[in-house]
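Chain by chain, the residues:
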Amino acid sequence: MNIRIFNKNFLGFYSFIIVVFIFSFLLINLPLVGSFGYEFSAFFAVLFFLLGGLLNIYRTNKKIIEKTYFLFALSIVATPLFTVLLASLFKPICSFWFGFTFYITLSIISFILSYFLSEIVQFAFQRFTKTIFLISVFLICLIPVTEIYFNPQIYFYSPVIGFFPGTIYDEDVSVTASLLFYRGLNLLYFGLLFFVIKRKFVKNKIFFALISLLVAVIFIIFSSQFGFSTTHNQLDKILTAKAETKNFIIKYDEAKVDTNEIKNLTLSHAFYFEKLKSVLKFNPNRKVISYIFNDKNLKKKYFGSEQADVAKPWLYEIYLSRDSWNNSLKHEMLHIFSAEIGNGIFKLAASFNPALIEGFSEAIDNNFDDIELHTLAASAFHFGYKINIEELFSGLNFFKSFSGLSYLYAGSFSRFLIDNYGLEAFTIFYKTNDAETAFGKSLNKLSEDYYEFNINYKITLSKEKVEYYFGRASIFQKLCPRQIDNELKKAEKFLSVENYSEAEKIYKGILDATTNYSAVSGLSHIYFESKQYKKALDLLNKYLNDFRGTPYFYNLKLAVGDFYSLVGDTNSAFVNYNQLIEMNPHIILKALASLRLELYKIGYLKNYLESTDSVKFQILVKLNKQKPVLSSLIPMINLAERLNIHSDIILDSFYSPLNPTNDEEAYFVYQLSKYLLNKFDITNARKLASLSLRKSFNSIYYISIKEHFEKCNWFIKNYESFLTKQ
């Protein structure tokens, strides 16, 4: 059959092709989306779920034969692929096949599903088919919204987009077996309905509609059994134990969480609740539920977020990992408190403004890696790590920059507003996103005032410290982040089973495409395990300067020193250690370099670097039996955690009582105090917190040490009566 290409009835088809081409061209030139991976395919999945059906309805109305529709449909879905291939001639594109798997699974299947849906709508209704189709799409889109609102999850599966991971901070997104199974079920459901109407097996349209709806509802109800959603009942079966207080229900796995840890969890919840209630003068109006996952992987599987702990203010629920709750509990609890000043059914800031949402919690928490916000923000501003505040508080620009920088400035600016205009005025700003109404000044003028505040603020952090915190790229600035993280996860699995040859191939493949710290670090680890120290040293020296201006430069600097020690080049090792001590990018890195110099003095450095964790711990004990070396406390704590060594052994490891003489030593003692409190040795924790506080008045860590001391005191005063009441 001959098809006239230039037919006025085909104008709709041509228009769709042009629209898809324009979007393809625009997207391929944007960061992240243009890498031809998940984001690119997800965008076209949404677009095709609309276009596929509308195009078919247009075909029906114009009485165009189906073969013509399929020809144009093929042209439409091929247009983004053609654009990607064309763009690859002029700019680097991530692996075509990695992106193509997403494109088939998300975009092409969404187009097919949309076609099936439009046929079903046209079978069931004779009139208003376009409107009914759009209503159907809207209702399908509402399903994941209701899941996120009512269920303990931030990920979702949907016929429209396939899969949404829940947060951009987890870079590892790939086409999994679960996603393929889900898309297979999508095709099976819509395809069977399409087959039924095409074969005219059902003539009663009402019966057909009811059966279709019933099957869909049953699938939604049981979707959690397939891993496509998470229900509260499902979490209750995983986190079976419960600790309940006046204000909290804490759910956890009794097999993993011991008695001391749950005591610490319970009292920490109570301490921060009372502290925040005192500061804010309001508190949540209902009991808060905290879910404590065993690890980040479990949290990702059931909740949807691996790296970030999250709160849902509208549900009054917090989702934490055992390995991170100590650092995030207060921040997430503040999100729950913010429900009392939030808007709408989600109880969030006006316009869902992420800078306001996170700015409030950061401002009240006032803690960035134990440092006061303004101290860090003023130093970051001074050394050129700046963010336009107006832009930060507009739309979704919060996610454009490196997350640490966005959180810092959102929190520091919010605290500046609270300090100068009061919490009540900031509450109005939170509710309205209108600076004029809240403060009587425009956001532009307030931003200028804040910049002036930073200019006049005392700079206490060095350029190296600021680089260590903020010399990183956001996900939008990275090359092929999804694909590379996926490859890194594969390499980690090979490493875990000591398949070093396969892991090495992956790391080398990544480094052929881009400079990547994790690949360099992973490759050097392989060479360390196989005792190819010279090869590791050559690798690190090759890439070291590529990471200048980032925290990875300083991490690699320490590793370079270690490998020089292992090959017997002591002078070069000392040069790297001493440079790291002089630059002092972070107190812990400086301590690790200093510790190595101490170990060299007693002839144990090479032995320490090559030893197992248990031997390393014994070496550090031997070191401290001669004289207290407080720089060894951080590695001793980390080793004790991994080896499950009783806290008393650490305390007994020192030749004399721990007594810090300066603010750096005070910080190490503070870290030990935190460790003891986690083990519920509250008497010794308080004693060390007191010693640490006395030497911290001029320290950048003073506010955190002070709050920790208050927490220890609160535990001692309240734990017996508090836990007895529970």
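Above this text you will find the structure in question.
What this report covers is the structure whose coordinates are included nearby. (Residues numbered from 1 in each chain as written. Predicted model: local features only at pLDDT ≥ 70, side-chain atom pairs only at ≥ 80, totals over all residues. Heavy atoms only, no water.)

### What about the overall build of the protein chain?
Check the secondary structure of the protein chain and you find 33 helices and 7 strands. Its C-alpha radius of gyration of 29 Å places the protein chain within 12% of the 27 Å reference for a compact globule of 726 residues. Buried positions account for 54% of the 726 residues belonging to the protein chain. Residue pairs in contact within the protein chain that sit at least 24 positions apart in sequence constitute 69% of those at least 6 positions apart. Summing over all exposed atoms, the protein chain offers an accessible surface of approximately 32,900 Å²; the carbon and sulfur share of this is 57%. (Helix = DSSP H or I, 4+ residues; strand = E, 2+ residues; numbered from the N terminus. Rg over C-alpha atoms; globule rule 2.2 N^0.38 Å. Buried < 20%, exposed > 50% of the residue type's maximum accessible area, 1.4 Å probe, protein only. Contact = heavy atoms within 4.5 Å. Areas by Shrake-Rupley, 256 points an atom, 1.4 Å probe, with all protein chains shown as cover.)

### Details of the pairing of strand β4 (residues 248-252)
Taken across its 5 residues, β4 has 5 buried, putting it largely inside the fold. Burial along β4 is two-sided: Phe248, Ile250 and Tyr252 and Ile249 and Lys251, pointing in opposite directions, are all buried. Sheet topology note: the strand β3 (residues 241-244)/β4 ladder contains 4 bridges and is antiparallel. Its bridge partner lying in β4, Lys242 is registered against Lys251. Between β3 and the antiparallel strand that follows it, β4, lie 3 residues. Assessed by its sense of winding, the connection that carries the chain from β4 through helix α9 (residues 259-280) to strand β5 (residues 288-293) is left-handed. (Pairing = 2+ DSSP bridges. Right-handed = clockwise from strand over helix to strand, strands pointing away.)

### Comments concerning a nonpolar patch on the surface
A cluster of nonpolar residues, Ile18, Val19, Phe21, Ile22, Phe23, Phe25, Leu26, Phe82, Leu86, Leu89 and Phe90, forms a patch on the protein surface that exposes about 1,100 Å² of accessible area. Sorting the residues of the nonpolar patch by element identifies α1 (11-27) and α3 (66-87) as the ones contributing at least two each. Among the elements that take part in the nonpolar patch, α1 stands out by supplying 7 residues, more than any other. Locating Phe25 in the fold gives a position in helix α1. (Patch = residues over 30% accessible without salt bridge, like charges linked within 9 Å, V, L, I, M, F, W, Y side chains within 5 Å. Salt bridge = Lys/Arg side-chain N within 4 Å of Asp/Glu carboxyl O.)

### Side note on the nonpolar core
In terms of nonpolar packing, the biggest core is built from 194 residues, with Phe393, Tyr409, Phe429 and Phe470 touching the most fellow members. Aside from chain neighbours lying at most four places away, what touches Phe470 is Phe368, Leu376, Ala380, Tyr385, Phe402, Gly404, Leu405 and Leu408. In this structure, Phe10, Ile64, Ile109 and Leu117 belong to the second largest nonpolar core, which totals 48 residues. (Core = buried A, V, L, I, M, F, W, Y, C linked by side-chain atoms within 4.5 Å.)

### Topic: the pattern of salt bridges
Inspection of every chain in the model, using the stated rule, returns 36 salt bridges. Glu39 is paired through a salt bridge with Arg482; the nearest N and O atoms lie 2.5 Å apart. One end of the pair, Glu39, is in helix α2 (residues 38-61); the other, Arg482, is in helix α20 (residues 481-496), with 443 residues separating them in the sequence. In this structure, Glu39 and Arg482 share a single accessibility class: buried. A salt bridge links Asp449 to Lys445; the shortest N-O distance between them is 2.7 Å. With Asp449 and Lys445 both in helix α18 (residues 443-456), this residue pair falls 4 residues apart, about one helical turn. Its relative accessible area of 35% is what places Lys445 among the partly exposed residues. Counted as one network, the salt bridges with shared partners bring together Lys275, Lys330, Asp365, Lys706, Glu707 and Glu710.

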